[in-house]
Amino acid sequence: MSSHKLNIETGSSVFTEEPPGDTPKMHNKIIKYPFRDIICTEESVGKLLSDLDGSKSQGPDQMHPKVMKELKSIINKPLSIIFNKSLEDSQVPSAWKEANITAIFKKGSKSDPGNYRPVSLTSIVGKTMEKIVRNSIVNHMENNDLFSNKQFGFIAKRSTVLQLLMVLEDWTDILDHGGEIDVIYMDFMKAFDKVPDYTSSNTYLFADDTKIYREIKSDEDRKAMQQDLDKLQEWSNKWLLKFHPLKCKVLTIKQKRKETWTYHMAGAEDNVALENITSEKDIGVTVDKDLNFSMHMQQAVNKANSIVGFIRRSFVYLDEVFFTQLFKALVRPHLEYAASVWNPYKIKDIESTILQRPSQESRTPDIGIP
């Protein structure tokens with residue numbers, strides 16, 4: 001099967017065919033502030049055009065963001081008229097619906113098309129109006145406190161690092177008291193922003209990266225965790241959000257080694273036993289069964305060393321100033337991401353995070369690396 005056909009089939013699989021009938025009812029929420037009509041002003045459009053990143057690629061309509069940014073004071077008025085007309089008529093120009101689709105690898109085997117996420121590069125003009133609509137919706141939800149406090153994806157002042165720190169504080173407190181934790185890393189086919197609030201286990205989300213965990217004191221806690229897993233799957237089926245049971249993993253974090261518990265999810269035909277693992281990448285940080293982050297530290301250092309080596313091999317002349325700029329742009333992000341979560345405190349871990357120095361033989365006379 002050709003890669004083009006695989007990309008088409010994989011991309012089309014994320015779309016959901018909604019059955020006829022009414023949408024499932026949500027829990028009643030108190031709306032103090034009603035939703036206001038969306039009005040696109042020249043000022044709001046101009047502000048968004050000013051914030052465009054000129055280095056980004058253009059969409060299928062060939063409207064480059066750098067050009068739009070330079071012409072913001074000229075095109076903001078006609079664009080605001082077009083946007084308001086589109087909202088008034090509830091119609092979107094056909095050119096804004098076209099997209100260049102690229103498959104982005106997530107994790108797992110690169111030979112499995114299901115491990116790639118289709119990313120659409122659409123019209124910059126259409127995206128500009130989407131931002132206005134999104135901002136209005138987000139403001140409405142924030143004003144009425146409609147966001148779950150467990151959701152950290154694409155919400156202001158809620159970052160991946162903040163979520164990791166909150167979870168880590170809970171986990172370390174459990175371990176300090178001699179307890180253990182079962183963590184189930186969920187794999188959904190598409191992103192969502194809410195989970196049922198009637199589960200007794202803790203749930204945290206970042207877009208479609210979802211985990212539920214629970215302190216395990218006895219088998220009764222494991223049974224309660226399984227019941228929450230069943231509720232979550234029942235809820236997901238109700239809202240047409242499908243799981244990948246074969247990609248959902250279980251990580252047990254504890255100080256003393258004991259037998260692990262097997263959790264199950266309903267598969268296409270039979271129940272699927274979830275795989276027990278010893279480590280998992282949790283929104284960019286590898287969490288291991290001992291919660292010491294040694295594996296993540298080594299991975300970060302190996303990645304950084306690899307990039308440093310690539311930089312050295314790619315330039316005939318490399319002075320200290322140029323190398324510093326490349327190091328800050330390409331290497332430091334890998335070493336500093338979520339450092340407040342995994343920052344080493346043991347001597348062996350501190351020594352393991354020291355980057356390799358290039359040998360004297362491998363240096364070129366012009367390289368200004370200390």
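The residue count restarts for each chain, going from 1 along the sequence in the order it is written. Given that the model is predicted, a residue must reach a pLDDT of at least 70 before its local features are reported, and side-chain atom pairs must reach 80 or more before they are shown or counted; all residues, however, enter totals for whole chains, interfaces and linings. Hydrogens and water are ignored here; the side-chain numbers use all heavy atoms of the structure.

## Considerations on a nonpolar patch on the surface
The patches reported here contain residues having more than 30% relative accessible area and no salt bridge. Joining distances are 9 Å for like charges and 5 Å for nonpolar side chains (Val, Leu, Ile, Met, Phe, Trp, Tyr). A 1.4 Å probe and the Shrake-Rupley method give the accessible areas. Residues count as covered only by the protein chains that appear here. Criterion for a salt bridge: a side-chain nitrogen of Lys or Arg within 4 Å of a carboxyl oxygen of Asp or Glu. A cluster of nonpolar side chains, Val67, Leu71 and Ile74, forms an exposed patch at the surface whose accessible area comes to about 270 Å². Helix and strand definitions here come from DSSP, where helices need a minimum of 4 consecutive H or I residues and strands a minimum of 2 consecutive E residues; each element is numbered from the N-terminal end. Note that Val67 resides in helix α3 (residues 65–70). Under the scheme applied here, a residue whose accessible area is under 20% of the maximum for its type counts as buried, over 50% as exposed, and between as partly exposed, the area being computed with a 1.4 Å probe on protein chains only. Look at Val67 and you get partly exposed, because its relative accessible area is 47%.

## Some words on the confidence of the model for the protein chain
When the pLDDT values of the protein chain are averaged, the result is 85; 85% of them are 70 or greater. When the criterion is pLDDT under 50, residues 359–370 qualifies, and its contacts beyond four places in sequence or with other chains add up to 20 contacts. The quantity called pLDDT is the predictor's confidence in a given residue, expressed from 0 to 100. Note on contacts: a residue pair qualifies if any of its non-hydrogen atoms lie within 4.5 Å across the two residues.

## Details of the sheet that holds strand β3 (residues 180–187)
If you walk across this open sheet you meet the 5 strands as β4-β5-β3-β6-β9, and the pairing is mixed. Whereas interior strands pair on both sides, the edge strands pair on one side only; in this sheet they are β4 (202–206) and β9 (275–277). Each strand axis lies, on average, 25° off the axis of its neighbour in the sheet, ignoring direction. By this definition, two strands are paired if DSSP reports at least two bridges between them. Strand direction decides the pairing type here: β3 and strand β5 (residues 209–216), joined by 8 bridges, are antiparallel. Note on geometry: axes are lines fitted to C-alpha atoms, helical ones only across the stretch in contact, with angles between N-to-C directions running from 0 to 180 degrees.

## A look at empty space enclosed by the protein
Cavity means a closed set of points on a 1 Å grid over the protein atoms alone, one where a 1.4 Å probe fits but cannot get out, pocket means an open set with protein on both sides within 12 Å along at least 5 of 7 lines, and lining means a residue has an atom within 4 Å of a point. Grid points are joined across faces, edges and corners, and a volume is the space filled by probe spheres set on the points. Using the criterion set out here, one finds 1 cavity of 30 Å³ or more in the structure. One number sums up the size of the largest cavity: a volume of about 50 Å³. Lining the largest cavity are Leu164, Val167, Leu168, Trp171, Lys211, Asp282, Val287, Leu291, Phe293 and Val341. When residues of the lining of the largest cavity are assigned to their parent elements, the largest contribution, 4 residues, is made by helix α6 (residues 160–176). Of the residues that constitute the lining of the largest cavity, the class distribution is 8 nonpolar, no polar and 2 charged. Classification used: nonpolar for Ala, Val, Leu, Ile, Met, Phe, Trp, Tyr, Cys and Pro, charged for Asp, Glu, Lys and Arg, polar for all others including Gly.

## A look at the pattern of salt bridges
By the definition in use, this model includes 13 salt bridges. Its salt-bridge partner being Lys249, residue Glu275 comes within 2.6 Å of it at the nearest N-O pair. One end of the pair, Glu275, is in strand β9; the other, Lys249, is in strand β6 (residues 249–253), with 26 residues separating them in the sequence. Judged by its relative accessible area of 17%, Lys249 is buried. Salt-bridge contacts for Arg332 lead to Glu336; the nearest nitrogen and oxygen are separated by 2.8 Å. Remark: Glu336 and Arg332 occur in helix α9 (residues 320–336); sequence separation between them is 4 residues, near one turn of the helix. A residue is classified by how much of its surface remains accessible, and Arg332, at 32% relative accessible area, is partly exposed. Classification of Glu336 by relative accessible area gives partly exposed; the value is 43%.

## A short note on the side chain of Gln233
The topology assignment puts Gln233 in helix α7 (residues 219–238). What Gln233 contacts, discounting residues up to four positions off in sequence, is Phe243, Met265 and Ala266.

## Side note on the environment of Asn271
Along the chain, Asn271 falls in strand β8 (residues 271–273). In this structure the C-alpha to C-alpha distance between Asn271 and Pro245, which are 26 residues apart in sequence, comes to 9.0 Å. Discounting chain neighbours no more than four positions away, the residues touching Asn271 are Met265 and Ala266.

## Comments concerning the nonpolar core
Ranked by internal contacts, the top residues of the largest apolar core, which has 27 residues, are Trp171, Ile181, Ile253, Val287, Leu291 and Phe293. Those elements that provide at least two residues to this core are α6, β3, β4, β6, β11 (285–288) and α10 (339–342). Among the elements that line this core, the one with the most residues is α6, at 7 residues. Ignoring anything within four residues of it in the chain, the contact list for Ile253 reads Trp171, Leu175, Glu180, Ile181, Val183, Val287, Asp288, Lys289 and Leu291. Note on terminology: a nonpolar core comprises buried Ala, Val, Leu, Ile, Met, Phe, Trp, Tyr and Cys residues joined through side-chain atoms within 4.5 Å.

## Describing the layout of surface pockets
Approximately 1,100 Å³ is the volume attributed to the largest pocket. Taken together, 34 residues line the largest pocket, and the ones lying closest to its centre are Lys106, Lys107, Lys281, Ile283 and Gly284. Looking at the lining of the largest pocket, the elements that each hand over two or more residues are β1 (99–105), β2 (116–122), β3, β5, β10 (279–282), α8 (294–314) and α9. At 4 residues, α8 tops the list of elements feeding residues into the lining of the largest pocket. Tallied by class, residues from the lining of the largest pocket come to 11 nonpolar, 9 polar and 14 charged.

## Overview of the packing of aromatic side chains
Here the aromatic set is Phe, Tyr and Trp, taking the six-membered ring for Trp, and pairing holds for ring centres within 6.5 Å; pairs whose planes are under 30 degrees apart are stacked, those over 60 apart are edge-to-face, and all others are tilted. Applying the stated criterion to the full structure yields 7 aromatic pairs. Measuring from centroid to centroid gives 5.9 Å for Phe323 and Phe327, while their planes differ by 40°, and the two rings are tilted. Taken together, the residues Phe323 and Phe327, both in helix α9 and 4 residues apart, mark about one turn of the helix. Overall, the relative accessible area of 10% leaves Phe323 in the buried class. Through successive ring pairs, a cluster of aromatic residues spans Phe152, Trp171, Tyr204 and Tyr213. Note that Lys110 overlies the ring of Phe105, its terminal NZ or CZ placed 5.3 Å from the centroid. Put simply, a charge is over a ring when the Lys NZ or the Arg CZ is close to the ring centre, within 6 Å, and near the line of the ring normal, within 35 degrees.

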